[in-house]
Amino acid sequence: MVSTRRLQLFVLAYLASALSSAVCVSEAGSHLVVIPQSPVLQIGTNFTATCVIINTTEVTADDLYWRFRQTVIPSNQYTKINESALSVTIPVNNEESEWLYCYCKNKSPYVFVNQGKFVHGIHLSKAYPPEKPKNLTCIAIQDGKYISKNLMCSWDPAEHNVKKKPTTYTLHVEVIHNNQAYNVSTEENSATVTMESFPFHMDLEIWVVAHNELGTVESEHLKREANWFAKTNPPSDVKVISEETFPMSFLITWKEPIPKQMIALKYQIRYCPHGSHSWFVVPIVDFAKGTQSFRLQNLQPHTVYTTQVRCKHFNKGYGYWSDWSANVTKKTAEYRPTSKPDLWSIITEGEHSNERQVKFICKNPVLSNGKITSFKMKIQTQKENMMTRNMSWEIIPVNDPDADNSPSQKFTVLKQITLLDNMTARVHVTAINSAGESPQTSLGIPEEALDLDPMEGLKVHTQGDQFLLKWNAPNNTAITQYVVEWVSANDTDWQRENKSTQQTTIKGNIKKYICYNISVYPIYSGWTGKPARVEAYLAQNAPSVGPSIQLNGKRGRNEVELVWNVIPPPARNGFITNYTVFYSSGTEPVSITVPGNVTSYLLTSLSANTQYEAWIRASTIGGSTNGTRHTFNTLKYAPGEIEMIVVGVSLGFLFVVLLSMLLCFYKKDVIKNNLWPWIPNPRKSTIGNWSPDYPLKPETPKENCLSGISVLDVDTSDGKSLSEEDKTSLALKKDKYLSEEHSSGIGGSSCMSSPRQSVSDSDEGADIADTTASTVQYSSVVASNGYKGQTPSAQPQPLIFSRSESTQPLLDSEENPDLSVQEGGGASQPFSRLPCFTHSSWNQDSGSFPEVEPQEVLLPRDSCPSGEDNEQKTLTDGQSLSSYRPQLGGYRPQ
Amino acid sequence: MMIGRPLWTQWTLTPTALLALLLLLLCADRTTSVRTRQCSDSLQRILKLTRLAQKESADLIKTYKASQGDLSDVFCQASLQDVPEPAISGLELPERLESVLDHLRDFLPHLRRVYEQQADLQAPGGPLLSQLDRVGQRGRGLGSLVQAFYRDAFPNLQEPARGPEALEPPAQNVFQQKVYGCVVVKTYKEFLTNVARELRSIKSKVCRGRGSFTSS
C-alpha cells in the first residue's frame, strides 16, 4: 500500500515536472495545473484528477479546493499528494460533459490580486466503452441471374451509447485464399460491403470492429462459404398439372431461380385447399437433390388446391430460404363419391287427417369427389308388415351442379310423397357424379303412431357464435345416431351425431337475430324417432320495426281500445318480452307495459274531446323499438249521450206543451181576456147617430161612454174589443189619407204628438193586428166632408167621431203638458187624463165652449172634475192641448 | 505371471490395453475421416467452382459470338499460336496440379487482354464486358483455391512460380482482336473442362482410405 502510494506520488511528481514546462508556458503563468487534461471518462467508474501547484510558493496543497457542478467538492474526497499537489476522486455517473475546477483560497494578497493564475479546469467527456458486436449475420440476395455482390451484415445494437462519443463499427469481409478484403465503417448496427462479385464457393471471413475513444473491441469472426449467405429468388415458372388418371395427385414442376453451378438448391412445397390457410408442408427429405418436379399425393379429388414452392441452399445450414413463390391454384380430377349422401326428410301434415307429407332431401356426400349430377332413389312403403309398394330406382337430376357451394343449395329436394299415418317408408339413395356412384344410404319413416322413445331434456345455449345443444339420451339402446336439425324462416339444415353424443354445437352458419327451431331426432337403426324441439336465438336485438297501432272499434268518450299487429318473425330479432303502450295528450306520456303475447289494450280514464297520440314499444332482451304513432280524438259525448239529451229535451218539450195545453184548457178565459181584450164594437157604437142636427138625446151612459172613449185598458178590456178594433182599423185603413189629413189639420185635436204617429201611418193591417194587444188606441175624428172652416156651413155636415187606430203608446214626454196641467189636480193615474172628455182645440179657437155634460161612466168620479179643472186652467193660459181629447159632446154649431 | 495360463487368458488380463488400443484406433479413424472429409470438401469446392467457371465461360462464348457479328462462328474455329493450350500436362498429381495452376495463371492475362480489347469495341456496361470480368475473377478465385489445395496437399513441395501478370500489347487489328478473343475464351472453356475432369479424377484417387493424399 505504501509502495503504491509512493509510486503514485512519484508519477505525479514526474507528471508535474514534465507538465510544468509545457503547461505553464501554455497557461501563460498559471500556477495551478490539473492533470490529466481533457480526459474521456468511462461512465460508471471513479475519476481521479490532481491539481499541481507550479512556479509559486505562495500557496500549498492545503489551500486548494475543487469545484464540480457549481459546488465545492467536500474535502473528504481530497487526497493530498504532497505540499504542491492535491487530488480528488469523483464518480462518473452521467453522460453529460462537465467541467472540473481547481481553485486556491485567497491566502495572501498576491493570490487575491492574481486570482486568474490560481484556478484551472478540465473538461470531462464521458462515454461507454465499445461493446462487442454480437449476433453478426450477413445476407446477399439474388440480383438477376446472380447473387448480388452487396453483402449486407447486421449485428445487435449496443446497449449503451453516448451520442457525443459514438461508437464506430467497421465491417470487415475477407475472401479467404483470394486475398480480397473489403471493409466499411458505420455508426449504425448494420452495413453493406460491396465486393467485385459474389464469391461463389469461396470462403468468407467476416467480423466487425467496434471502436471509440475508450477502446476497440472485435466481434467473433464469421467464417463461412459465401453461398452460406445467399438468399435466392423463389423458384420460377411453377406449374401444377392435374391428370385425369390420378385424381388424387398433382404434378408440380418449376425452374431453378439460379444455376445449380452457383448454388445447388433444395426445395420445399406447401399446399392447402383453396380458401384454407392451414398449409400442408411436404417434408424436405422427399426431395432429391436438384429436382425440379414433384408429385403431390393423397389429395382429395375434385378439390381446388393452392400450391407454393420455395428453395434454399442444398447443404444443411447454408443460406436462407427464399420467399414462397406465387400461389398456383389447380383442381384435382374427379373421382367417384367415396362417402354416402346425407339423406333426411321433412314431415308435415297432409291434406287429410290420416296422412303425412314427407319431403325427402339430400346433401351431397362429404367426399363427393366431383360434381354430383344426380341422385338415384328408391322408395319402399309398407303397411302393417305388408309391402304395398316397391318403386323402382329413379334418377333425380341435380338442377344446378355448379352451385354446390352456394349456401342456398345445401341440399337437393328429391321427392315429396303422401304417406298414410299407418304406413312406413324406406328410402334408398345414392349420389352420382361423372366418375361413378356413391355408396347407398337409407332412411326409414316409421308409422305415425309408432311409439319410439322420444327425445327429452333438450337445452340450447349460446357459445360464442354457435349453439351448444345438450340433451338426455332416451333409455333405448337401439339408437344408432342423432340428427340435429335447425330451421329458420328461410333456411333448413341438419347434421348427424353419433349415438354416444349428448352435447354438440351446431356447425352451420348460424346468424344472429334469427329465430331457429332446433330439433334433435333419435335415429333407431335408420328409423326416425320423435324429436325434441326448442326455439332459440343466437343473439337478440331490438325489433327491426315496431308494431303498427290502430283503434279497435269506435272511439269512446273516455276509453279507446288499441290493437296492434304482431311483428313479422324476420323483424322480431328476438323473443318479444313485452309491449309498452304509450299515450299522451301533449303532456308527459303515460306508459303501460303488457305481456308479449297481448296485442290489444283498452285505454281508460281518457279526457273527453281530447287529441291523443299513442304508440307501442316492442321489447326483447336485446332492445326495444317504438312503433308508428297513431293520433286519435276522444269523443265529446259518449255514444248514446246525445240521444239521451234529445230524448230528454223532447220529453220536456212535450211535457211543457201538454202542460200549456192543459193550462190553456183550464185557464182559457183568463188567457182570452189577456190576449184578446174586449174591444167595443164600433158598429154598435152610437156615435153613428151623433150629429149636430140630431137632438142630443142622452143615451144610455154605458153606450155613450163606449162610443166616445177609445181608451184601451188591457187589464180591463174583454175579448170583444180586439175584434171590434180590427174592424175599425180596416175602416180606418180605407180612409187613411183622409184621416191623416184631418189629423194634420186638426193639429192638437189628436192625442198623438205627431201626425206620423197616428194610426194613418200604419200601412199594414198585420202591423195593426200585431200591435193591437200592446197599443192604446186613440179616437180620431173621421169626417166625411172634412173640416172646412170654423164657420158653419149652411148645411152643416154631420161630424162622425171614430176610434183612433194609433199604435203609438203614450209617452211621458208627450203627456207632460197634460201632466203639468193635471198636477194641480194631484191625479197621477192614467185614467185621470185619458178617458176624460175635454174640449178640443178648435173649440178653444172659437172662444166659447159647448156645455156638454161629461158622460163618461168608466172614469172614476174623482177624475173628471179634476180634469175639468185642468182644462179650465189651460184655457186660461191661452195654450192649446197637444193631446187629443175626444169630444163626447160632439160638434155643436156655433 | 503368465505361466500356466492359457494364451487367451492373457488377453483378458489386459483389458486396459485393449481399450486403449480400441480408442487409439477409433481416434485414428476419426482423424482419418476428418482429413478425408477435408480433402473431399476442398476438392469438391474446387470442382464446384470449376463447373461454375466452365458454365460462365460457356455463357461467355455465346455472348461473345452474339456480339461479334455473323462470322463469329467461322473465326472462332481458328487457332492461334500464343494462346495457352487447354491440355493439362504432367504424370503425377503434383505435376498435374502444377499444370492446372500454370495454365490458369497463363490464361488470366489473356482474358484481361480480351477484356481490354473488347472494352474499346463494346459499349460500356454491356453484358460481354461484365461476363469477361466475371470469368476473370472466377479464374482468379479458382487459382487461389487450387493453390491452397496444393499447399495443403503438398506442403513440402515448392509452389509453382507465378506467371506474367500482364502481356505485351500485340499489334492486332479489330478483326484479329475478335478472333483472338474468341479463341481465348473457347480455349479457356476447354481448359476448364479438362480441369473438371482432372479434379474428379483426383478426388476419386486422393481423397480415399486412411491417407488423405495417397498419391503423395
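Residues numbered from 1 in each chain as written. Chains lettered and ligands numbered in written order. Predicted model: local features only at pLDDT ≥ 70, side-chain atom pairs only at ≥ 80, totals over all residues. Heavy atoms only, no water.

This brings us to the overall build of chain A. On a plain count of helices and strands, chain A comes out with 12 helices and 53 strands. The buried share of chain A, taken over its 894 residues, is 43%. Looking at chain A alone, contacts between residues at least 24 apart form 67% of all its contacts between residues at least 6 apart. As displayed, chain A offers around 47500 Å² of accessible surface, 51% of which is attributable to carbon and sulfur atoms. (Helix = DSSP H or I, 4+ residues; strand = E, 2+ residues; numbered from the N terminus. Buried < 20%, exposed > 50% of the residue type's maximum accessible area, 1.4 Å probe, protein only. Contact = heavy atoms within 4.5 Å. Areas by Shrake-Rupley, 256 points an atom, 1.4 Å probe, with all protein chains shown as cover.)

Another aspect to go through is the overall build of chain B. A count of helical and extended segments in chain B gives six helices and zero strands. Element order for chain B, N to C, with α for helix and β for strand: α-α-α-α-α-α. The buried share of chain B, reckoned over its 216 residues, is 43%. Accessible surface computed for chain B: about 12000 Å², of which carbon and sulfur atoms make up 56%.

Attention now goes to the interface of chain B and chain A. In this complex, chain B contributes 15 residues to the contact, which on the side of chain A involves 16 residues. Across the chain B/chain A interface, buried area totals approximately 1500 Å², and carbon plus sulfur atoms make up 53% of it. Three residues, B:Arg45, B:Lys48 and B:Gln137, lead the burial of chain B against chain A; their summed loss comes to 33% of the area buried on that side. Inspection of the region where chain B meets chain A yields three salt bridges. With its nearest N and O atoms 2.3 Å apart, the salt bridge here joins A:Asp203 to B:Arg45. Viewed at the interface, chain A and chain B are joined by six residue pairs in polar contact (both at pLDDT 80 or more). Going through the elements one at a time, helix 2 (15-68) and helix 5 (127-153) of chain B are the ones with two or more residues in the side of chain B that touches chain A. Top element by residues in the side of chain B that touches chain A is helix 5 of chain B. It accounts for eight residues. (Buried area = accessible area lost by both parts, 1.4 Å probe. Salt bridge = Lys/Arg side-chain N within 4 Å of Asp/Glu carboxyl O. Polar contact = N/O pair within 3.5 Å; in protein donor to acceptor, adjacent residues only side chain to side chain.)

Residue and element names in this part refer to chain A. A full pass over the atoms with the stated rule returns three disulfides over all chains. With a sulfur-sulfur separation of 1.9 Å, Cys138 is cross-linked through a disulfide to Cys153. Across the S-S bond of Cys138 and Cys153 the torsion is about 110°, and the bridge reads as right-handed. With Cys138 in strand 10 (residues 137-143) and Cys153 in strand 12 (residues 150-154), this pair connects stretches of sequence that are 15 residues apart. (Disulfide = S-S within 2.5 Å.)

Residue and element names in this part refer to chain A. In space, the three strands of this open sheet follow the order 20-21-24, with antiparallel pairing throughout. Each of the sheet's edge strands pairs with one partner strand only, and the pair in question is strand 20 (236-243) and strand 24 (293-296). Strand-to-strand twist of the sheet, defined as the mean angle between neighbouring strand axes without regard to direction, takes the value 20°. (Pairing = 2+ DSSP bridges. Axes fitted to C-alpha atoms, helices over the stretch in contact; angles between N-to-C directions.)

This paragraph deals with the pairing of strand 13 (residues 168-175) of chain A. Burial analysis of strand 13 of chain A places six of its eight residues in the buried class, which makes it a mostly covered element. Taken together, strand 13 of chain A and the strand that follows it, strand 14 (residues 180-186) of chain A, pair antiparallel across an intervening segment of four residues, in which A:His177 is found at a positive phi of about 75°.

Taken together, the side chains of A:Tyr637, A:Ile642, A:Ile645, A:Val646 and A:Val649 present a nonpolar region at the surface, about 450 Å² in accessible area. Turning to its location among the elements, A:Val649 is positioned in helix 4 (residues 641-666). (Patch = residues over 30% accessible without salt bridge, like charges linked within 9 Å, V, L, I, M, F, W, Y side chains within 5 Å.)

Residue and element names in this part refer to chain A. Here Thr492 shows up in strand 39 (residues 491-498). Classification of Thr492 as buried rests on a relative accessible area of 16%. Setting aside residues no more than four positions away along its own chain, Thr492 makes contact with Ile346, Lys410, Phe411, Trp486 and Val487.

Let us look at unusual backbone geometry. All names here are of chain A. Of note, the amide linkage connecting Ile35 to Pro36 takes the cis form, showing an omega dihedral of 0°. On the secondary structure map, Pro36 appears in the loop between strand 1 (32-35) and strand 2 (40-42). One non-glycine residue with positive phi stands out, namely Ser38, at about 45°. With a phi angle near 60°, Asn369 is a residue other than glycine that sits in the positive phi range. Position of Asn369 among the secondary structure elements: in the loop between strand 28 (355-363) and strand 29 (372-383).

Glancing now at the packing of aromatic side chains. Residues and elements named next belong to chain A. A full pass over the atoms with the stated rule returns 26 aromatic pairs over all chains. Ring geometry for Trp99 versus Tyr101: centroids 6.1 Å apart, planes at 15°, classification stacked. Judged by relative accessible area, which is 44%, Trp99 ranks as partly exposed. An aromatic cluster is built from Tyr65, Trp99, Tyr101 and Tyr103, whose rings are joined through pairwise contacts. (Phe/Tyr/Trp six-rings, centres within 6.5 Å; stacked < 30°, edge-to-face > 60°.)

Right, let's get into the nonpolar core. A:Leu151 and A:Ile206 are the most contacted members of the largest nonpolar core, which has 96 residues in total. Considering every element that reaches this core, the biggest residue donor is helix 6 (residues 174-206) of chain B, with 14 residues. With near-sequence residues (within four places) excluded, A:Ile206 lies in contact with A:Leu136, A:Cys138, A:Leu151, A:Cys153, A:Leu171, A:His172, A:Val173, A:Glu220, A:His221, A:Leu222 and A:Phe229. Listed in part, the 28 residues of the second largest apolar core include A:Phe47, A:Val59, A:Ala61 and A:Leu100. (Core = buried A, V, L, I, M, F, W, Y, C linked by side-chain atoms within 4.5 Å.)

This paragraph deals with the pattern of salt bridges. As a working rule, side chains carrying opposite charge can pair if their charged atoms are close by. All names here are of chain A. Counting across every chain of the model gives 23 salt bridges over all chains. In this structure, the salt-bridge partner of Lys80 is Glu83, at a minimum N-O distance of 2.9 Å. A relative accessible area of 30% places Lys80 in the partly exposed class. Arg356 serves as the salt-bridge partner of Asp421, at 3.5 Å between the closest nitrogen and oxygen. You can see Asp421 sitting in the loop between strand 32 (412-420) and strand 33 (423-433) and its partner Arg356 sitting in strand 28, a full 65 residues away along the chain. Since its relative accessible area comes to 5%, Arg356 is described here as buried.

On average, residues of chain B score 81 in pLDDT, and 81% of them are at 70 or above. Predicted complex, confidence summary: ipTM 0.80, pTM 0.58. (pLDDT = per-residue confidence, 0-100.)

Residue and element names in this part refer to chain A. Strand order in this open sheet of three strands is 27-28-32, and the pairing throughout is antiparallel. Only two strands of the sheet have a single neighbouring strand rather than two, namely strand 27 (342-349) and strand 32. Looking at each pair of strands side by side, their axes are set apart by 25° on average, direction ignored. Bridging between strand 27 and strand 28 involves eight bridges; their strand directions are antiparallel. Across the sheet, residue Leu343 finds its bridge partner in strand 28, namely Cys362.

All names here are of chain B. Here helix 4 (residues 93-121) crosses helix 6 at 155°, and the two axes come no closer than 9 Å. Regarding the angle of helix 4 to helix 6, the classification is roughly antiparallel. Here helix 4 runs over helix 6; the crossing is left-handed. Each residue belonging to the contact of helix 4 with helix 6 can be placed in one class, and the counts come to 16 nonpolar, seven polar and four charged. (Parallel < 35°, antiparallel > 145°, perpendicular 65-115°, else oblique. Left-handed = near helix turned anticlockwise from the far one by under 90°. Nonpolar A, V, L, I, M, F, W, Y, C, P; charged D, E, K, R; others polar.)

With respect to the helices and strands, the residue A:Gly529 is situated in the loop between strand 42 (527-528) and strand 43 (532-537). Each C-alpha atom of the pair A:Gly529 and A:Ile479 lies 9.2 Å from the other, and the pair is 50 residues apart in sequence.

What follows covers the environment of A:Tyr637. On the secondary structure map, A:Tyr637 appears in the loop between strand 51 (630-633) and helix 4. If we skip the residues at most four places from it in the chain, A:Tyr637 touches A:Arg557 and A:Ile642.

On to a positive patch on the surface. A contiguous patch of positive charge, built from A:Lys260, A:Lys289, B:Arg51, B:Arg197 and B:Arg200, is present on the exposed surface. One can find A:Lys289 in the loop between strand 23 (280-281) and strand 24. With relative accessibility at 54%, the residue A:Lys289 sits in the exposed group. (Lys, Arg positive; Asp, Glu negative; His and termini not counted. Charge placed at Lys NZ, Arg CZ, Asp CG, Glu CD.)

Quick look at the environment of A:Thr57 now. Inspection of the secondary structure assignment puts A:Thr57 in the loop between strand 3 (46-53) and strand 4 (64-68). As a C-alpha pair, A:Thr57 and A:Ser84 span 27 residues in sequence and 8.7 Å in three-dimensional space.

Once that is clear, we can look at the side chain of A:Thr307. Here A:Thr307 shows up in strand 25 (residues 304-313). The contact partners of A:Thr307, leaving out residues within four places of it in the chain, are A:Val240, A:Ile252, A:Ile269, A:Arg270, A:Tyr271, A:Leu296, A:Ala326, A:Asn327 and A:Val328.

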